[in-house]
Amino acid sequence: MKKLSFKLGIIFFITLFCIETFMMLFLHASLTNSRVEEELTSLQARGNSHRTILERNFDKETLAHVVLMESKENTDVVITDKTGKILAASHPHPEIQAYIKNSEDNVPYNGKVLQGNWQEENYISTISPIQKQQTTIGYVFMFQNTDSIHALMERLNRHFLIVGIISGVVTIAVIIVLSRKLAFPLVQMKEATLKMSKGDFTVALSTNGKDELSDLSNAIQLLSDDLHHLREERKEFLSSIAHELRTPLTFIKGYTDILYKRDLTERDRQKYLGIIIEETNRLSRLIKDLFDLAKMDENSFVIDKESLHLDKFLANIETKLSPAFQEKQIHFFVQCEEGLTLMADSARLEQIILNLLNNALTYCSSGDSTSIIVKRHSRFLQISIKDTGKGIPKKDLPYIFERFYRVEKSRTRALGGSGLGLAIVKELVHAHGGEVTVFSEENKGTTFELLFKE
Ligand SMILES: Nc1ncnc2c1ncn2[C@@H]1O[C@H](COP(=O)(O)OP(=O)(O)OP(=O)(O)O)[C@@H](O)[C@H]1O
Ligand SMILES: [Mg+2]
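Calculation rules
- Residues numbered from 1 in each chain as written.
- Chains lettered and ligands numbered in written order.
- Predicted model: local features only at pLDDT ≥ 70, side-chain atom pairs only at ≥ 80, totals over all residues.
- Heavy atoms only, no water.
- Salt bridge = Lys/Arg side-chain N within 4 Å of Asp/Glu carboxyl O.
- Helix = DSSP H or I, 4+ residues; strand = E, 2+ residues; numbered from the N terminus.
- Buried < 20%, exposed > 50% of the residue type's maximum accessible area, 1.4 Å probe, protein only.
- Axes fitted to C-alpha atoms, helices over the stretch in contact; angles between N-to-C directions.
- Parallel < 35°, antiparallel > 145°, perpendicular 65-115°, else oblique.
- Left-handed = near helix turned anticlockwise from the far one by under 90°.
- Contact = heavy atoms within 4.5 Å.
- Nonpolar A, V, L, I, M, F, W, Y, C, P; charged D, E, K, R; others polar.
- Pairing = 2+ DSSP bridges.

K.L.:
Whenever I open this one, the pattern of salt bridges confuses me. Can you help?
P.N.:
Should their charged atoms come close, side chains of opposite charge can pair. Applying the stated criterion to the full structure yields 14 salt bridges. Among the salt bridges present, the one from Glu-70 reaches Arg-46, with a minimum N-O distance of 2.9 Å. Remark: Arg-46 occurs in helix 1 (residues 2-56) and Glu-70 occurs in helix 2 (residues 60-71); sequence separation between them is 24 residues. Glu-70 gets classed as buried once you look at its relative accessible area, which sits at 0%. Across the pair Lys-395 and Asp-396 runs a salt bridge whose closest N-O atoms are separated by 3.3 Å. Look at Lys-395 and you get exposed, because its relative accessible area is 63%.

K.L.:
Would you explain the packing of helix 4 (residues 147-197) against helix 5 (residues 212-261) in this entry?
P.N.:
Helices that pack against each other are described as a pair by the angle of their axes relative to one another and the distance between those axes. Running from N to C, helix 4 and helix 5 cross one another at 15°; their axes reach a closest spacing of 10 Å. Taken together, the axes of helix 4 and helix 5 are roughly parallel relative to one another. When you trace helix 4 past helix 5, the crossing you get is left-handed. Contacts from Leu-182, Pro-185, Leu-186, Met-189, Thr-193 and Met-196 of helix 4 reach helix 5 at Leu-213, Leu-216, Ser-217, Ile-220, Leu-223, Ser-224 and Leu-227. Partitioning the contact of helix 4 with helix 5 into residue classes produces 10 nonpolar, three polar and no charged.

K.L.:
I'm lost on the sheet that holds strand 3 (residues 112-115) in this one. Help?
P.N.:
By way of backbone hydrogen bonds, the strands of a sheet pair with one another, either parallel or antiparallel. In spatial order, the strands read 2-1-5-4-3; together these five strands make up an open sheet with antiparallel pairing. Whereas interior strands pair on both sides, the edge strands pair on one side only; in this sheet they are strand 2 (86-89) and strand 3. Each neighbouring strand pair of the sheet contributes to a mean axis angle of 25°, computed without reference to strand direction. Bridge analysis of strand 1 (residues 75-81) against strand 2 gives three bridges, and the strand direction is antiparallel. In the strand pairing of strand 2, Ile-79 is matched with Ala-88.

Don't take any of this as a statement about function, it's just geometry.
Right under this line is the structure:
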C-alpha cells in the first residue's frame, strides 16, 4: 500500500507544485507590473496637471505655488527652463539633479517616463514639457522615491509566501487523502486475488461507483463468484457421477453374487441375468453420455451439417419409436409439411429428438399422446415435441437442462434416467446455432420447442 500511494503522491505533488509555482510567479509578476504602472501613470498625471497650471502663468508666484503643493506629498517636483536650469524644486536632492542632466529633447506633449526601473534606482521619474505657442519654454520633472514601492513589494511578497505555505500544506493533505483513496481499492483487489489463488473464493469487494476501478473490482468479484460456482458445480458433478456409477454397479455386483453362489431355477437365473444386462446397458449409456458432454465441453466435437429432408428424416424416427409408444398405449404422430429442409448433422439431430421422445415416452402414461410438429417461420424453423404427460413442476423448470438434474430425485428402476439427456440436448442444439425452450404444466403436459435459423 505504502509503495503505490507514495508513488502516486510524489507524482501528484510534483505536478501540482510545478503548476502552483508557475501560477504564483505569473501572478506576482503581473501584480508588480500593474502596481508600478499605476504609480508611473499617476506621477505622470500629476506632472501634466502642474504643467497646465504653469502654461497659464509661468511666473515666480505660480512656481512657488506648485512647489508648495508638492512639498506635502511623497512626490517631488523640479521645474526647469528649456535649457535645463532649475527654476524651482520641492526637494533639491543632488541625486535628482543627476536625472535632470540626462534629460532629453523631443519630449512628447503628454510627457514620458524618464526612469521606470524601480528595482535598481532610488527614484522613478516622469517629464512633461511646458509649452507656449507650440514652443517649449521649460519642463516639469516629477520624482517619486522607490522606497514606498519596495515596501509595497515586500508586503506583497509576504502575502505570497503565506498563501504559498497554506496552499502547499493543503495540497499535501489533499494528495495524501487522494492517493490513499486511489490506492485502497487496488490493495483490496490485490488481497482478493491472492485469496482466490489460495482457493478461497469468499471475496467481498465493494463494487459501488462507476469508474474504471469499480469496473475492475466488479470484474474480480464476478470472476470470484464464477470460480466459486464452478468449484461447487464440479464437486456436485463428481459426486453425481460417483452416485450414478454406484447404483448400477451395486445391482450388477449383487445379482452376480447371487448367480455365483446359489442354485437357482432357470427362470430366476434368466431374470437376474436380464437385470444385469439392463444395468450394464445403463452404465454404458451413462458413460457414452458423459463422453459426449466432455467432448462438447472441449469443443472437440464436429457438427457435420448437411441438407436434411425433414419429412423423411422424421418418418424414419417415427418408424423406429412407434412400437415403443404402442406398447405403452401412447398415441404418437408426426406432423411435417413435405419438402421442408434443414441444415443439420443428421446423427446429432436424431440424438436430440430421440432424447426428447424418450422423455415423453418415460413421463407419459397410457392414453396420453406425443407429437412432433414442424413449422416454418419467416427466418427460422420450429420443431415442437409435445406430450400430454405428467408435466414438470414450475419450481423445477429452470433447472431441467442442468447436468444430472431430475425432478424425482429417487432413482427408481422404472424412471431411472441419469438426468443427462436434456443437458446433451441443449449442448447439441446450441452447437447447431439453435435455441431450445420448454413449456410445461403439471398434469397437463410438456412442450420442448427447438428453433433453428434457416
Ligand atoms: N417430457 C417430460 N415430461 C415430464 N418431465 C420431464 C420431461 N422431460 C424431462 N422431464 C424432467 O426433466 C428431468 C431431466 O430430464 P433429462 O432428460 O435430462 O433426464 P432423465 O430423462 O431423467 O435422464 P436421461 O435422459 O439422462 O436418461 C427428468 O428427470 C424429468 O423429471
Ligand atoms: Mg431423458
